[in-house]
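Okay, here's what each chain looks like letter by letter:
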Amino acid sequence: MNHLAVIMDGNGRWAEKRHLPRLMGHRAGAEALDRCMHYCKAAGIRYLTVYAFSTENWKRSQEEVSGLMKLLSSYISSKEKTLVKEGVRFRVIGRRSDLSEKLQKEIAALEEKTKAGDFTLIVALSYGGRDEIVRAALRFAEEYGRNSSFIAQHASLEAAFGSFLDAPDVPDPDLIIRTSGECRTSNFLLWESAYSEYYFTDALWPDFDQAEFDKALESYSKRERRMGGRLK
Ligand code: IPE
Ligand code: IPE
Ligand code: MG
């Protein structure tokens, strides 16, 4: 497996079960992300994409939204050294312009500092699959108006369109895990997941451990990916 994607869900419920503020659940979720990154590296996975904040999550209370933004900002500043040392390339997909200018700058600086890493962590922030497609469509149309012959430089019309997505060089996810028992995509990687396998677990994201990771990979290893063709 080359690319694992995770819908990190259940932080709030994890905290509520312990009578803690929801933000404590998000903090525990950030720790689970660090663990998951290590499991991926040990398993030889090269790309990990995580859903950290959706275009719909802005609907949450101002307290939760600002707490999450602060957590992101402190994650970025506290992890810089470790990410560089561990060869992790940090990238963000989503509608960056929704984020504060300060956070946008912190993100851009971390992307620059970690760009030599050979393991890629992609964080989906103010991300929506529909939004990503619509933004790509606008840029595609703009380019088409300027010079329609650029399409011929790509293998297909889909590849030409795909080049306007947020991380066009990243291969599609092989497996998408969603924690917390919800069986929906909630607007995650709509274009890229066309042939991804899905794995759902009841575990809440802060409880996601090596055993959960192994179960997901074990399930994935038994899938027969036909991609619309026939293997035999
Ligand atoms: C996922 O956990 C993290 C974000 C959406 C930011 P939730 O906050 O959705 O946790 P639950 O689903 O309420 O338990
Ligand atoms: C999806 O979780 C988004 C993230 C994990 C960041 P939500 O908790 O926002 O999704 P719904 O509301 O249950 O669909
Ligand atoms: Mg949730």
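Right above here is the structure, for reference.
Just so you know, these numbers come straight off a predicted model, no measurement behind them.

Near ligand 2 you find Ile-7, Met-8, Asp-9, Tyr-51, Ala-52, Phe-53, Asn-57, Arg-60, Arg-178, Arg-184 and Ser-186, and these make up its full shell. One of the side-chain N or O atoms of Arg-178 is found 3.3 Å from an oxygen atom in ligand 2. Within the contact set of ligand 2, an oxygen atom lies 2.6 Å away from a side-chain nitrogen or oxygen of Ser-186. In the complex, 77% of the free accessible area of ligand 2, which totals 390 Å², lies under the protein chains. With three residues, the single largest contributor to the shell around ligand 2 is strand 2 (residues 47-54). For the shell around ligand 2, a count of residues per class yields five nonpolar, two polar and four charged.

Turning our eyes to something else, we now look at the environment of Asp-34. You can see Asp-34 is positioned in helix 2 (residues 22-42). Separated by 45 residues in the primary sequence, Asp-34 and Lys-79 have C-alpha atoms spaced 9.8 Å apart. Once you skip the residues sitting within four places of it in the chain, Asp-34 turns out to touch Tyr-75 and Lys-79.

Ordered in space as 3-4-2-1-5-6, the six strands form an open sheet in which the pairing is parallel. Edge positions in the sheet fall to strand 3 (88-93) and strand 6 (197-200), since each of these pairs with one other strand and no more. Along the sheet, successive strands turn relative to each other by an average axial angle of 20°, direction set aside. Sheet topology places strand 1 (residues 3-7) next to strand 2; five bridges connect them, and they run parallel.

Within the largest apolar cluster, 40 residues are counted, with the highest numbers of intra-cluster contacts made by Leu-4, Leu-48, Phe-90 and Leu-121. Other than its neighbours up to four places away in sequence, Leu-48 contacts His-3, Leu-4, Val-6, Leu-33, Cys-36, Met-37, Cys-40, Phe-119, Thr-120, Leu-121 and Ile-122.

Turning next to the site of ligand 1. In the vicinity of ligand 1, 13 residues are found, and the nearest of them are Asp-9, Gly-12, Arg-13, Arg-22 and Arg-60. Contacts to ligand 1 include Gly-10, whose backbone N or O atom sits 3.4 Å from an oxygen atom. In the environment of ligand 1, an oxygen atom lies 3.2 Å from a nitrogen or oxygen atom belonging to the backbone of Asn-11. Its free accessible area being 380 Å², ligand 1 has 87% of it covered by the protein chains.

It is the contact of helix 2 with helix 3 (residues 62-85), at a shortest axis distance of 10 Å, that shows an interaxial angle of 30°. Here helix 2 lies roughly parallel to helix 3, going by the angle between them. Our pair here, helix 2 against helix 3, has a crossing hand that is right-handed. In contact with Arg-22, Leu-23, His-26, Arg-27, Ala-30, Leu-33, Asp-34 and Met-37 of helix 2, helix 3 contributes Glu-64, Gly-67, Leu-68, Leu-71, Tyr-75, Lys-79 and Leu-83.

Calculation notes
- Residues numbered from 1 in each chain as written.
- Chains lettered and ligands numbered in written order.
- Predicted model: local features only at pLDDT ≥ 70, side-chain atom pairs only at ≥ 80, totals over all residues.
- Heavy atoms only, no water.
- Near = heavy atom within 4 Å.
- Polar contact = N/O pair within 3.5 Å; in protein donor to acceptor, adjacent residues only side chain to side chain.
- Areas by Shrake-Rupley, 256 points an atom, 1.4 Å probe, with all protein chains shown as cover.
- Helix = DSSP H or I, 4+ residues; strand = E, 2+ residues; numbered from the N terminus.
- Nonpolar A, V, L, I, M, F, W, Y, C, P; charged D, E, K, R; others polar.
- Contact = heavy atoms within 4.5 Å.
- Pairing = 2+ DSSP bridges.
- Axes fitted to C-alpha atoms, helices over the stretch in contact; angles between N-to-C directions.
- Core = buried A, V, L, I, M, F, W, Y, C linked by side-chain atoms within 4.5 Å.
- Buried < 20%, exposed > 50% of the residue type's maximum accessible area, 1.4 Å probe, protein only.
- Parallel < 35°, antiparallel > 145°, perpendicular 65-115°, else oblique.
- Left-handed = near helix turned anticlockwise from the far one by under 90°.

So, to be careful, I would describe these as geometric facts and stop short of saying anything about function.
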